[in-house]
Amino acid sequence: NVSVMLRRFTIRQVIIGTIAIFATIAVGCIVALILLTASMHDATGERAERLLIDEAIADRIHFQVRQQLAEAQRYMDSGDAEHLESFRQQGYAVYDDLRRYLFRPLSADERLLAERIRERHQAFEVEALHVFDTRDAPSASADLPGVQDMLTDLNAFLELRHAETERLFVQQQRVWNWLY
C-alpha cells in the first residue's frame, strides 16, 4: 500500500514536500532562537539596571555615613548648630536609602549585612547624640562607640556589591559571547 501511495506522488512532489517541511522547521528554529536571544538580552539588561540602582544606593549610603561622621567631628570641635543639623540630615538620608535598599530583591548575605548596618547606624546616632549632649562636660569623651564596626560593615557591604558587579559582568560576557 505504501507503493501505491508512492506511485500517486511524483519524485518532484516528494522533494518539494520534504523541502517545505525542512524549511518550516528551519524557520521555526530561527524564530525560536531570535525570541530566546531577545529574552536573554532583556533579562541581562534588567539585571544590569538593577545592579546599577543597587550600586548607586550603596554608594550613597557609604558616602552619607562618611559625611555624617565628618559632621559629628565638626560639631564636637565647634559646637556649631549648623553641623548638628547637617549630621541629622545625613542621618535621615542614610535611613531613607537603607530602607529603599532593603525593599529591593537581595540575597540573604546582602540583606543580613544591610540590616546589620542599619542597626549599627541607629546605635551610632543614639550614641553620637548622647556624646553631643555631654560635649561641654569636663569628663566628656569624643569617642563614638561602634563607629569602627559600622565602617567595617560598610566596607564589607561595598565589597559584596563589587563582587556582585563582577559576577554580573562575567555572566553578561558569557551571554554576549554566546549570542554574538
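The coordinates are above.
Colleague: How should I be thinking about the overall build of the protein chain in this particular structure?
Modeller: The helix and strand inventory of the protein chain stands at five helices and zero strands. Along the protein chain, helices and strands appear, N-terminal first, in the series α-α-α-α-α. For a compact globule of 180 residues, the expected C-alpha radius of gyration is about 16 Å, and the protein chain comes in at 31 Å, more than 25% above that figure. Structurally, the protein chain occupies a C-alpha span of about 115 × 25 × 25 Å along its principal axes. Here the protein chain holds 180 residues, and the buried ones make up 29% of them. In the protein chain, 77% of the contacts between residues at least 6 apart in sequence involve partners at least 24 apart.

Colleague: Any chance you could explain the nonpolar core here in plain terms?
Modeller: Across soluble globular proteins, nonpolar side chains have a tendency to be buried as a group. I61, V65, Y101, F124, F132, L144 and F157 are the most contacted members of the largest nonpolar core, which has 29 residues in total. Among the elements of the structure, α2 (11-78), α3 (81-102), α4 (108-133) and α5 (147-179) are those that each provide at least two residues to this core. The leading source of residues in this core is α2, at eight residues.

Colleague: Explain a nonpolar patch on the surface to me, please; I cannot follow it from the model alone.
Modeller: On the surface, a cluster of nonpolar side chains totalling about 320 Å² of accessible area is made up of I11, I15 and I19. Checked against the element boundaries, I15 lands in helix α2.

Colleague: What is the right way to read the packing of aromatic side chains from this model?
Modeller: Two numbers describe a pair of aromatic rings. These are the distance of the centres and the angle of the planes. On inspection of all chains with the given rule, the structure shows four aromatic pairs. Aromatic side chains Y75 and F132 sit 4.8 Å apart centroid to centroid with 65° between the ring planes, which places their arrangement in the edge-to-face category. Placement of Y75 in helix α2 and of F132 in helix α4 is noted, with a sequence separation of 57 residues between them. Here Y75 matches F132 in class, with each residue buried.

Colleague: Would you take a moment to explain the packing of α2 against α4 for this structure?
Modeller: Two packed helices can be described by the angle between their axes and the distance between those axes. In contact at an axis separation of 12 Å, α2 and α4 are set at 15° when each is read in the N-to-C sense. In terms of axis orientation, α2 runs roughly parallel to α4. For the element pair α2 and α4, the recorded crossing hand is left-handed. Residue-level contacts link R50, V65, Q68, L69, A72, Y75 and M76 of α2 to E110, H121, F124, E125, V131 and F132 of α4. Residue composition of the contact of α2 with α4, by class: eight nonpolar, two polar and three charged.

Cut-offs used in this document
Residues numbered from 1 in each chain as written. Predicted model: local features only at pLDDT ≥ 70, side-chain atom pairs only at ≥ 80, totals over all residues. Heavy atoms only, no water. Helix = DSSP H or I, 4+ residues; strand = E, 2+ residues; numbered from the N terminus. Rg over C-alpha atoms; globule rule 2.2 N^0.38 Å. Buried < 20%, exposed > 50% of the residue type's maximum accessible area, 1.4 Å probe, protein only. Contact = heavy atoms within 4.5 Å. Core = buried A, V, L, I, M, F, W, Y, C linked by side-chain atoms within 4.5 Å. Patch = residues over 30% accessible without salt bridge, like charges linked within 9 Å, V, L, I, M, F, W, Y side chains within 5 Å. Areas by Shrake-Rupley, 256 points an atom, 1.4 Å probe, with all protein chains shown as cover. Salt bridge = Lys/Arg side-chain N within 4 Å of Asp/Glu carboxyl O. Phe/Tyr/Trp six-rings, centres within 6.5 Å; stacked < 30°, edge-to-face > 60°. Axes fitted to C-alpha atoms, helices over the stretch in contact; angles between N-to-C directions. Parallel < 35°, antiparallel > 145°, perpendicular 65-115°, else oblique. Left-handed = near helix turned anticlockwise from the far one by under 90°. Nonpolar A, V, L, I, M, F, W, Y, C, P; charged D, E, K, R; others polar.

Coordinates in, geometry out; function isn't part of it.
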